[in-house]
Amino acid sequence: MKKNINIIIDNKIPFIKGILEPYANVRYLPPSEITKDQVKDTDILIIRTRTRCNENLLSGSRCKFIGTATIGFDHIDTEYCKQNDIEWKNAPGCNASSVGQYILASLLLHAEQNNYSLKGKKIGIVGVGHVGSIVAHHCRTIGMTVLLNDPPRANTEQNGTFVSLDTIAEECDFITFHTPLNRTGIYRSFHLADNSFFKKLRKQPVIINSSRGEVVDNKALLTAYQKKEISDIIIDCWENEPDILPELLESAFIATPHIAGYSADGKSNASRAMVREISRILGIEIDTSKITPPPAPFPEIDLNVCSGDPITNAVIASYDPRTDTTNLRSAPEQFENLRGNYGLRREFGAYKIMLSASEKIPVLKELGFISPSKS
Ligand SMILES: NC(=O)c1ccc[n+]([C@@H]2O[C@H](COP(=O)([O-])OP(=O)(O)OC[C@H]3O[C@@H](n4cnc5c(N)ncnc54)[C@H](O)[C@@H]3O)[C@@H](O)[C@H]2O)c1
Ligand SMILES: O=C(O)[C@H](O)[C@H](O)COP(=O)(O)O
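- The name an unreviewed UniProt entry assigns to the chain is Erythronate-4-phosphate dehydrogenase, from the organism Coprobacter fastidiosus NSB1 = JCM 33896.
- Per UniProt, the chain has the following entry under Pathway (unreviewed entry): "Cofactor biosynthesis; pyridoxine 5'-phosphate biosynthesis; pyridoxine 5'-phosphate from D-erythrose 4-phosphate: step 2/5."
- As its UniProt record puts it under Catalytic activity (unreviewed entry), the chain is described as follows: "4-phospho-D-erythronate + NAD(+) = (R)-3-hydroxy-2-oxo-4-phosphooxybutanoate + NADH + H(+)".

Written out as structure tokens, the structure is:
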């Protein structure tokens, strides 16, 4: 029962091909081809961050629904959509655990390479939603002290224990940004970290940005590094992607092409969310059971044969951000291709840990690895 519904889907959204064809006319296009002309006769758009949905794209089209298979939605002109009766939906939380894995892996590598322990170090988390909460959980689990900053939540929640951005600037050894990109308004996050923010830092922290490039003024970030106001940079989201600042790429400890959320788990969550929305719109049951990530290639991590910290070994066995850093440094002009052809990783929950009796087993379980067992 094919309805007269036209759908365009970004061709880099995985696990979705074939699912909607029984119900609609589906075309898969690269973002560069999702143009005004193509969108004109389209009812439903399923896109990623690379399609800017604004008047230029949408005016004169019959599009009534935009689904973005992402958490962020700053690429959608929500005001234009409201005025023109176009519904839009994102996929809240879809890849939050993937970003949690990215941040923990980067922190553990930084500690290992600089020969210190993260235990007792203080991390400031700016933006405590789906991603920030997972980062907070992981950091507490490995013994870090966590400070939270989230003015929208602080203003509405009675029992929150939030601090100001100034307190984070003064006290933290690490500061990680997990806000949406708000260009205006009282919760504006555009250049939340700017020159004046970096001047307030007291502990020469490591700065981490995996939110949106524009949340951190990239030139100010580089200057702060050069002036030793900060000790290191971990960066996944950049201003002006894919034309990123070469000096920042060279200076950062971890520098990746906006792939913190690129787990197979996260991508399949997003695809499932998009199909559920279409199912709701069309008023039909659509089976989503085939939208599942493939198994991890090596799903058992035997920590008994590794020397060094079991937590670091387990996390890095699941994901090593140095590989993505090396790939980006060797070919920065391939930023979009590195994303488009990314080998999606699996999250902690896809790995079973083998480890003889160790006080680290409860920590590994708490991070989400499968039933660490005696071997
Ligand atoms: N690098 C990646 O691959 C990747 C993956 C997922 C998400 N992201 C980005 O991370 C952002 C956060 O994701 P999420 O799932 O946690 O979103 P979320 O909406 O669940 O949480 C965002 C939190 O930020 C808070 N916030 C808003 N404005 C703020 C401000 N000015 N200062 C401090 N806090 C503020 C909100 O109150 C909310 O609690 C997304 O909007 C997206 O831009 C990037
Ligand atoms: O907002 C998100 O979900 C993330 O930034 C996500 O990783 C973006 O992925 P893209 O749509 O660019 O593939």
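We are not done yet, so read on.
1. Structural notes on helix α11 (residues 264–282)
Since there are 3.6 residues in each turn of an α-helix, residues three or four apart along the chain are aligned in direction.
Okay, step 1: With 19 residues, α11 extends 27 Å between its outermost C-alpha atoms, agreeing within 8% with the 27 Å of an ideal straight helix rising 1.5 Å per residue.
Okay, step 2: Backbone geometry just after α11 places glycine 283 at a positive phi near 70°.

2. Details of unusual backbone geometry
Okay, step 1: The residue after glutamate 241, namely proline 242, is reached through a cis peptide bond having omega 5°.
Okay, step 2: Relative to the helices and strands, proline 242 is located in the loop between β10 (232–235) and α10 (246–251).
Okay, step 3: With a phi close to 50°, histidine 191 is a non-glycine residue in the positive phi region.

3. Some details on the UniProt feature "binding site: substrate" (unreviewed entry) in the chain
Okay, step 1: UniProt's feature table lists "binding site: substrate" (unreviewed entry) at Thr49, Thr70 and Tyr262, given in the numbering used throughout. The named residues occupy 214 residues along the chain; their greatest pairwise C-alpha distance, 12.8 Å, places them in one compact cluster.
Okay, step 2: Locating threonine 49 in the fold gives a position in the loop between β3 (44–47) and α2 (55–58).
Okay, step 3: For threonine 49, a count of 21 C-beta atoms within 10 Å corresponds to the buried category.
Okay, step 4: In this structure, threonine 49 is in contact with Thr70, Gly72 and His75, ignoring residues within four places of it in sequence.
Okay, step 5: Inspection of the secondary structure puts threonine 70 in the loop between β4 (65–68) and α3 (78–83).
Okay, step 6: Once residues lying within four places of it in the same chain are set aside, the contact partners of threonine 70 are Arg48, Thr49, Asn90, Ala91 and Ala270.

4. Re the site of ligand 1
Okay, step 1: Near ligand 1 there are 34 residues, and of these Gly72, Gly127, Gly129, His130 and Gly261 occur at the shortest range.
Okay, step 2: The set of elements that each furnish at least two residues to the shell around ligand 1 consists of α4 (96–113), α5 (130–141) and α6 (151–156).
Okay, step 3: Class assignment of the residues belonging to the shell around ligand 1 gives a composition of 14 nonpolar, 16 polar and 4 charged.

5. Here's the deal with the nonpolar core
Okay, step 1: Counting 101 residues, the largest nonpolar core has Ile46, Ala193 and Met274 as its most contacted members.
Okay, step 2: Per element, the largest residue contribution to this core is 9 residues, and it comes from α4.
Okay, step 3: Mapped onto the domain boundaries, this core takes at least three residues apiece from domain 1 (6–90 + 264–282) and domain 2 (96–255).
Okay, step 4: Dropping the residues within four chain positions of it, isoleucine 46 is found in contact with Ile7, Ile9, Asp10, Ile13, Gly67, Ala69 and Met274.

Rules of the game
- Along each chain, the written sequence defines residue order, and numbers are assigned to residues from 1.
- Starting at A for chains and at 1 for ligands, labels are handed out in the order in which the entities are written.
- Residue-level local features of this predicted model are given only where pLDDT is at least 70; pairs of side-chain atoms are given and counted only at 80 or more, and the full residue set underlies all totals for whole chains, interfaces and linings.
- UniProt positions are given in the numbering used here, feature names are shortened, and annotations may be inferred rather than shown by experiment.
- Secondary structure elements are taken from DSSP: a helix is a run of H or I of four residues or more, a strand is a run of E of two residues or more, and numbering for both begins at the N terminus.
- What a helix is expected to span follows from its residue count: subtract one and scale by 1.5 Å.
- In this scheme every C-beta is placed from the backbone, and a residue whose C-beta has 20 or more other C-beta atoms within 10 Å is buried, one with 12 or fewer is exposed, and one in between is partly exposed.
- Contacts are defined on C-beta atoms placed from the backbone: any two residues whose C-beta positions lie within 7 Å are in contact.
- For each residue, a C-beta atom is placed from the backbone, and the residue counts as near a molecule or strand when that atom lies within 6 Å of it.
- When residues are sorted by character, Ala, Val, Leu, Ile, Met, Phe, Trp, Tyr, Cys and Pro go into the nonpolar class, Asp, Glu, Lys and Arg into the charged class, and all the rest, Gly among them, into the polar class.
- Note on terminology: a nonpolar core is a set of buried residues of type Ala, Val, Leu, Ile, Met, Phe, Trp, Tyr or Cys, with members joined through C-beta atoms within 7 Å.
- Domain borders in the structure are assigned automatically or taken from a domain database.

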